[in-house]
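In case you want the letters, here they are:
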Amino acid sequence: MRRKIIAGNWKMNTILAEATDLAKAISSGVNPEKSTVIFFPPFPFLQNVREVIANASNFSIGAQNLSSKEGGAYTGEVSAKMLTSIDMEYVLVGHSERREYFNEGDNILFEKLNQSFENGLKPIFCCGEPLGERSSGNHVQYVGDQIRNVLFLLTPQQLNSTIIAYEPIWAIGTGQTASPEQAQEMHLLIRDVLKEKFEPEMVESISILYGGSVNAGNALSIFGQKDVDGGLVGGASLKVNDFLDIIKAMESIG
Ligand code: PEP
């Protein structure tokens, strides 16, 4: 059975009081039993949000980014070791905004994954095609290569502690979500690509989340797809009622 996960990526939003209020309202508004809910607040509020959810079962927390370096003279960077020292459990790696605006390519992402594993963090590795690749019909090749170029370099044990998020870039923050069929097709593709290299049985146990304009209205139909194991949610994760409805949609699925 794959673990169902609903992750909220707050990006560069909220100030301290808003972050703790948001975490409080959501963690007291639902009791997830079948899924794990993960908050990804901005770095300065990680400790505060962690305290808010300390007694909420099936709520967890992670960082939106980490350094590819172990430590030292890298002004402004945050290492994996720092994150585990404040009990972070998860970290996002390869989000399209990091790939695009901060030029993070395959090599850096592989180093970030290594830092995560060495320090006991579970990465959510994001992949997904831009609009041009989708329009030209090259999305299968494009996403397949994102998986092959980085995840094929992992050991089976490392892959086993990785979560994947398929996030078509044309759907992120645009309100134009992938159809349930498009999501299912790509999740199945990702699983098939992983099976080229890793044990099929292990690949079947890996959670693959969908991200890209998930909201209260479309969550159920997307999460109902066979190979969709939850969602990575941006905009709607900042709205208490919307995010609660998204969690409830996941919980309502057998
Ligand atoms: C994201 O940034 O990971 C994301 C999926 O954003 P949104 O839900 O706003 O499209």
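We now turn to the structure provided with this report. Along each chain, numbering runs from 1 in the same order as the chain's sequence is written. Local features in a predicted model are, by the rule used here, given only for residues with pLDDT of at least 70; side-chain atom pairs are given and counted only at 80 or more, and totals for whole chains, interfaces and linings are based on all residues. Excluded from the side-chain calculations are hydrogens and water; all other atoms, namely the structure's heavy atoms, are used.

Let us look at the overall build of the protein. Think of it this way: any DSSP run of H or I at least four residues long counts as a helix, any run of E at least two long counts as a strand, and we number them from the N terminus. Each helix and strand in the protein was counted, giving twelve helices and eight strands. It is over C-alpha atoms that the radius of gyration is taken, and the globule rule equals 2.2 Å times the number of residues to the power 0.38. Over its C-alpha atoms the protein spans a radius of gyration of 17 Å, differing by no more than 12% from the 18 Å that the globule rule assigns to 254 residues. Based on the C-alpha atoms only, the size of the protein along its principal axes is roughly 45 × 45 × 35 Å. Summing over all exposed atoms, the protein offers an accessible surface of approximately 11,100 Å²; the carbon and sulfur share of this is 50%. One way to put it: in the protein the 21 positive side-chain charges average out to a point 2 Å from where the 30 negative ones average out. Surface accessibility follows the Shrake-Rupley procedure with a 1.4 Å probe radius. Residue values consider only the protein chains on display as shielding. The charged-residue count follows a simple rule in which Lys and Arg add positive charge and Asp and Glu add negative charge, with His and chain termini not counted at all. For this purpose, a charge sits on NZ of Lys, CZ of Arg, CG of Asp or CD of Glu.

The span expected for a helix works out to 1.5 Å for each residue beyond the first. Between the first and last C-alpha of helix H7 (residues 139-151) there are 18 Å, a value that for 13 residues agrees with the 18 Å anticipated at 1.5 Å per step. Of the residues making up H7, those classed as buried are His139, Val143, Gly144, Gln146, Ile147, Val150 and Leu151. The arc that holds the buried residues of H7, viewed along the axis, is 155°, so those residues lie on one side. We call a residue buried when its accessible area falls under 20% of the maximum for its residue type, exposed when it is over 50%, and partly exposed in between, using a 1.4 Å probe and counting protein chains only. Directions from the helix axis toward the C-beta atoms define the arc.

Right, let's talk about the site of the ligand for a bit. Throughout, near means a residue has at least one heavy atom within 4 Å of the molecule or strand. Contacts to the ligand come from 14 residues, most closely from Lys11, Glu167, Gly173, Ser213 and Gly234. Any pair of N or O atoms that falls within 3.5 Å is considered a polar contact. Within protein, one atom must be able to donate a hydrogen and the other to accept it, and sequence-neighbouring residues count only if both atoms are side-chain atoms. At 2.6 Å, a backbone N or O of Gly173 approaches an oxygen atom of the ligand. Residue classes in the shell around the ligand are distributed as four nonpolar, eight polar and two charged. Any residue outside Ala, Val, Leu, Ile, Met, Phe, Trp, Tyr, Cys, Pro, Asp, Glu, Lys and Arg is labelled polar, Gly included; the first ten of those are nonpolar and the last four are charged.

With 66 residues, the main nonpolar core has Phe39, Leu151, Leu194 and Phe223 as its most contacted residues. We call two residues contacting when some pair of their heavy atoms lies within 4.5 Å. With residues up to four places along the chain from it excluded, the contact list for Phe223 reads Ile6, Val214, Val228, Gly230, Gly231, Ile246, Ala249, Met250 and Ile253. Residues Ile38, Tyr90, Ile124 and Cys126 belong to the second largest nonpolar core, which totals twelve residues. In these notes, a set of buried Ala, Val, Leu, Ile, Met, Phe, Trp, Tyr and Cys residues joined through side-chain atoms within 4.5 Å is what counts as a nonpolar core.

With burial as the criterion, each face of strand E8 (residues 230-233) is covered, one bearing Gly230 and Leu232 and the other bearing Gly231 and Val233. When DSSP finds at least two bridges between two strands, those strands are taken to pair. Pairing analysis gives four bridges linking strand E1 (residues 4-9) to E8, with the strands arranged parallel. Note that in E8 the partner of Ala7 across the bridge is Leu232. Judged from the two bridges that link them, strand E7 (residues 208-211) and E8 form a sheet pairing that is parallel. Along E8, the bridge assignment pairs Gly211 with Leu232.

Taken in spatial order, the eight strands of this closed barrel run E1-E2-E3-E4-E5-E6-E7-E8, and their pairing is parallel. Pairwise comparison of adjacent strand axes, ignoring direction, gives a mean angle of 30° for this sheet. For helices, the fitted axis covers only the stretch in contact; all axes are lines through C-alpha atoms, and the angles between them, taken along N-to-C directions, range from 0 to 180 degrees. The sheet strands contacting H7 are strand E5 (122-127) and strand E6 (163-166), and the helix crosses E5 at an angle near 145°. Running over the sheet, helix H9 (residues 180-195) touches E5, E6 and E7 and is turned about 145° from E7.

It is worth spelling out the packing of helix H5 (residues 106-118) against H7 at this point. Relative orientation of the contacting elements H5 and H7 amounts to 55°, with a least axis distance of 9 Å. Judged by the inter-axis angle, H5 sits oblique to H7. Between H5 and H7 lies a crossing of right-handed hand. Contact residues: Asp106, Leu109, Phe110 and Leu113 in H5; Asn149, Val150 and Leu151 in H7. Class assignment of the residues belonging to the contact of H5 with H7 gives a composition of five nonpolar, one polar and one charged. Oblique is the label for any angle not under 35 degrees, not over 145, and not in the 65 to 115 range, which are roughly parallel, roughly antiparallel and roughly perpendicular in turn. Left-handed describes a crossing whose near helix is turned anticlockwise from the far helix through less than a right angle; right-handed describes the clockwise counterpart.

At a minimum axis separation of 10 Å, helix H1 (residues 16-27) and helix H12 (residues 240-251) run at an interaxial angle of 40°. The orientation of H1 relative to H12 falls into the category oblique. H12 is crossed by H1, and the crossing has right-handed handedness. Residues Leu22, Ala25 and Ile26 of H1 form the contact with H12, whose own contacting residues are Val240, Phe243, Leu244 and Ile247. Its residues assigned to classes, the contact of H1 with H12 shows seven nonpolar, no polar and no charged.

What follows concerns the packing of aromatic side chains. Stacked, tilted and edge-to-face are the three classes assigned to paired rings of Phe, Tyr and Trp, where Trp is represented by its six-membered ring and a pair needs centres within 6.5 Å; plane angles under 30 degrees give stacked, over 60 edge-to-face, the rest tilted. Evaluation of the coordinates by the stated rule reveals five aromatic pairs. Seen from their ring centres, Phe152 and Phe198 are 6.3 Å apart, and the 80° between their planes marks the pair as edge-to-face. Taken together, the residues span a long stretch of sequence, with Phe152 in the loop between H7 and helix H8 (156-160) and Phe198 in the loop between H9 and helix H10 (200-204) at a distance of 46 residues. In terms of burial, Phe152 and Phe198 fall into one category: buried. Ring centres of Tyr166 and Tyr210 lie 6.4 Å apart, and the angle between their planes is 55°; on these two criteria the pair is classed as tilted. With Tyr166 in strand E6 and Tyr210 in strand E7, the pair connects residues that are 44 residues apart, well separated along the chain. Overall, Tyr166 belongs to the buried group, its relative accessible area being 0%. Each member of the aromatic cluster is reached from another via a ring pair, and the members are Trp10, Phe39, Phe59 and Phe243. By the criterion adopted, a ring carries a charge over it if an Arg CZ or a Lys NZ lies within 6 Å of its centre and within 35 degrees of its normal. Stacked on the ring of Phe102, the Lys or Arg Arg98 has its end atom at 3.9 Å from the ring centre. A cation over an aromatic ring shows up here: Lys197 above the ring of Phe198, its NZ or CZ 6.0 Å from the ring centre.

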